[in-house]
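What follows is the residue order along each chain.
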Number of protein chains: 2
Amino acid sequence: MTDSPPPKGRQPGRPRHVTPSADYLKRHEEIVEAAAKVFQEKGYGSGSLDDVAAALDLRKASLYYYVHSKAELLYLIFERAIDGAIEDLEQLAISGSPAERLAGLLRHQVRTVASNPSLFAVFFDQRPHLEDDQEARIRDKERRYLGLFVDAVDAAIGSGSIAVENSHYAAQLLLGMANWSYKWVDPDHDDVETIADAAVRLVLGSSKTGGDVR
Amino acid sequence: MTDSPPPKGRQPGRPRHVTPSADYLKRHEEIVEAAAKVFQEKGYGSGSLDDVAAALDLRKASLYYYVHSKAELLYLIFERAIDGAIEDLEQLAISGSPAERLAGLLRHQVRTVASNPSLFAVFFDQRPHLEDDQEARIRDKERRYLGLFVDAVDAAIGSGSIAVENSHYAAQLLLGMANWSYKWVDPDHDDVETIADAAVRLVLGSSKTGGDVR
């Protein structure tokens, strides 16, 4: 594919109301992936659009054909991360007993965050860099995400698997248990599956850690 | 007491190897308290030494007699917070059954963080602003703090109150459950005791939420 900048006289970026080509989408995806790597390695503050362009052997002017700012890249990274996780959670939310479903959600959340703490450090700590409308869209997705946890907690309360009364608080506490791992997990030394087991055992006892919810 | 700046020719700040006076200590304490309020209200980034001086009706030159930088104030705030919490935890760690002790520690952690989320946002997110030696001292205290949780988890495993296998991971997960609350608790709308109850019930069931460990 060509990496030529957009023709003069046209605003950079994909023209509105035009279906993007497969090539465009593929390159766009590559850019988001490369940006995630750059921000993981250098941190969001130090990573630059130049670094992203260099990682893909693109000129910076060509990069601007796809994205307009570092903040937009940040948004795209997290939209992709959260959309993928919501899909996973929706699958987990319809399988097994209430206890197994809750175990599956918690295990998934620990795995997601603890296997990529540096990426989630960007997600959880760099939110103030998002534009207002991007922040609002991520907040909507997070509300849906939290809702899936609240539903699973309600079902587990209904089946007597957990003894908590306030399912909203319980869901936030379970997410916290998993999310906080970005602050302490060392991917070179810690074992993510053992951490996920510990989380499930803490909340559901020893019987709900089996492979069927993995 | 006087607020005059230190005499010329002497480094600002308390001379080393001299026992500070009661007046000095009292004013020092007032400054740390005022700084905590300023950083809570304005955030660490926007709050300034000028704001701290203004809150106490001190001249900035006088403030420098007590502290040398915003980072030092940050360190002093957290040293005070963590020292106080360690004292509380050490008291809780010697009373009641293993399950009650663990419930007490978890409840204490939720109360501490959830009743002051804006202060803990500074603590958890502004750590990179600490000097290396300050960071090392806070890290030592945190290790002791985590150790108290690990000991309580080990005892609760021993008594069969929880079914987890890795007490180090379990302690980190419990701290995370509580600490993450700084990201979502709204002090105007959420009830800290209900959150603490939910945390204890999630981990220890309904029987360990009683008043004796409050």
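Please read these numbers as outputs of a predicted model, since none were measured by experiment. Position numbers for residues start from 1 in each chain and track the written sequence from start to end. For this description, chains carry letters from A and ligands carry numbers from 1, given in the order in which they are written. Given that this is a predicted model, residues contribute local features only at a pLDDT of at least 70 and side-chain atom pairs are listed and counted only at 80 or more, while totals for whole chains, interfaces and linings are drawn from all residues. In computing side-chain properties, one takes all heavy atoms of the structure into account and sets aside hydrogens as well as water.

A.B. asks: Can you break down the packing of helix 5 (residues 98–114) of chain B against helix 10 (residues 192–204) of chain B residue by residue, with the values?
C.D. replies: Residue and element names in this part refer to chain B. Helix axes are fitted only over the stretch in contact, all axes being lines through C-alpha atoms; the angle between N-to-C directions runs from 0 to 180 degrees. Helix and strand definitions follow DSSP, with helices as H or I runs of at least four residues and strands as E runs of at least two, each counted in order from the N terminus. Look at helix 5 against helix 10: their axes get within 9 Å of each other, and the N-to-C directions meet at 145°. Considering the relative orientation of helix 5 and helix 10, their crossing is right-handed. Residues A99, L102, A103, L106, R107, V110, R111 and A114 of helix 5 lie in contact with helix 10, whose contacting residues are V192, E193, I195, A196, D197, A199, V200, V203 and L204. Residue composition of the contact of helix 5 with helix 10, grouped by class: 13 nonpolar, no polar and 4 charged. Here is the rule for handedness: rotate from the far helix to the near one, and if that takes an anticlockwise turn smaller than a right angle the crossing is left-handed, while a clockwise turn gives right-handed. Here, two residues are considered to be in contact whenever any of their heavy atoms come within 4.5 Å of each other. Ten residues, namely Ala, Val, Leu, Ile, Met, Phe, Trp, Tyr, Cys and Pro, are considered nonpolar, four, namely Asp, Glu, Lys and Arg, are considered charged, and the remaining ones, Gly among them, are considered polar.

A.B. asks: Give me the environment of A:S48: which residues, what numbers.
C.D. replies: All names here are of chain A. Tracing the sequence through the fold places S48 in the loop between helix 1 (22–46) and helix 2 (49–55). Each residue gets one of three labels from its accessible area relative to the maximum for its type: buried under 20%, exposed over 50%, partly exposed in between, using a 1.4 Å probe on protein chains only. Owing to a relative accessible area of 24%, S48 belongs among the partly exposed residues under this scheme. With 22 residues separating them along the chain, S48 and K26 place their C-alpha atoms 21 Å apart.

A.B. asks: Outline the environment of A:L106, supporting the account with residue identities and numerical values.
C.D. replies: Residues and elements named next belong to chain A. Residue placement: L106 occurs in helix 5 (residues 98–114). Note: C-alpha distance between L106 and A55 (51 residues apart in sequence) is 34 Å. Residues contacting L106, with those up to four places away along its chain left out, are F149, L174, M177, A199, V200 and V203.

A.B. asks: I'd like a rundown of the packing of aromatic side chains, residues and numbers included.
C.D. replies: Two aromatic rings, drawn from Phe, Tyr or Trp (for Trp, its six-membered ring), form a pair once their centres lie within 6.5 Å of each other, and the interplanar angle then sorts them: stacked below 30 degrees, edge-to-face above 60, tilted otherwise. One pass over the full model with this rule turns up 26 aromatic pairs over all chains. Look at A:F124 and B:W180: their rings are 4.7 Å apart centre to centre, the planes differ by 75°, and that puts the pair in the edge-to-face class. Of this pair, A:F124 sits in helix 6 (residues 117–125) while B:W180 sits in the loop between helix 8 (167–179) and helix 9 (181–184), placing the two residues on different chains. The buried category is assigned to A:F124, whose relative accessible area is 12%. Aromatic side chains A:W180 and B:Y182 sit 6.4 Å apart centroid to centroid with 90° between the ring planes, which places their arrangement in the edge-to-face category. Here the residue A:W180 occupies a position in the loop between helix 8 (167–179) and helix 9 (181–184), and B:Y182 occupies one in helix 9, the pair thus bridging two chains. Residues A:W180 and B:Y182 agree in their burial class; the two are buried.

A.B. asks: If you had to explain the interface of chain A and chain B to someone new, which residues and values would you point to?
C.D. replies: Every contact between the two is made by 31 residues of chain A and, on the other side, 31 residues of chain B. By buried area we mean the combined loss of accessible area, with a 1.4 Å probe, across both parts when two parts are placed together. Carbon and sulfur atoms make up 71% of the area that chain A and chain B hide from each other, which totals about 2800 Å². What makes a salt bridge here is a side-chain nitrogen of Lys or Arg within 4 Å of a carboxyl oxygen of Asp or Glu, nothing more. Linking chain A with chain B are 4 salt bridges, by the criterion used here. For B:D125, the salt bridge is made with A:K183, and the minimal N-O distance between the two is 3.2 Å. Here a polar contact is recorded for every N or O atom pair within 3.5 Å, except that within protein the pair must consist of a potential hydrogen donor and a potential acceptor, and residues adjacent in sequence are included only if both atoms are side-chain atoms. Our count for the chain A to chain B interface comes out at 10 residue pairs in polar contact (both at pLDDT 80 or more). Within the residue set of the side of chain A that touches chain B, elements represented by two or more residues are helix 6, helix 8, helix 9 and helix 10 (192–204) of chain A. Tallying contributions element by element places helix 8 of chain A first for the side of chain A that touches chain B, with 8 residues. Residue classes in the side of chain A that touches chain B are distributed as 17 nonpolar, 8 polar and 6 charged.

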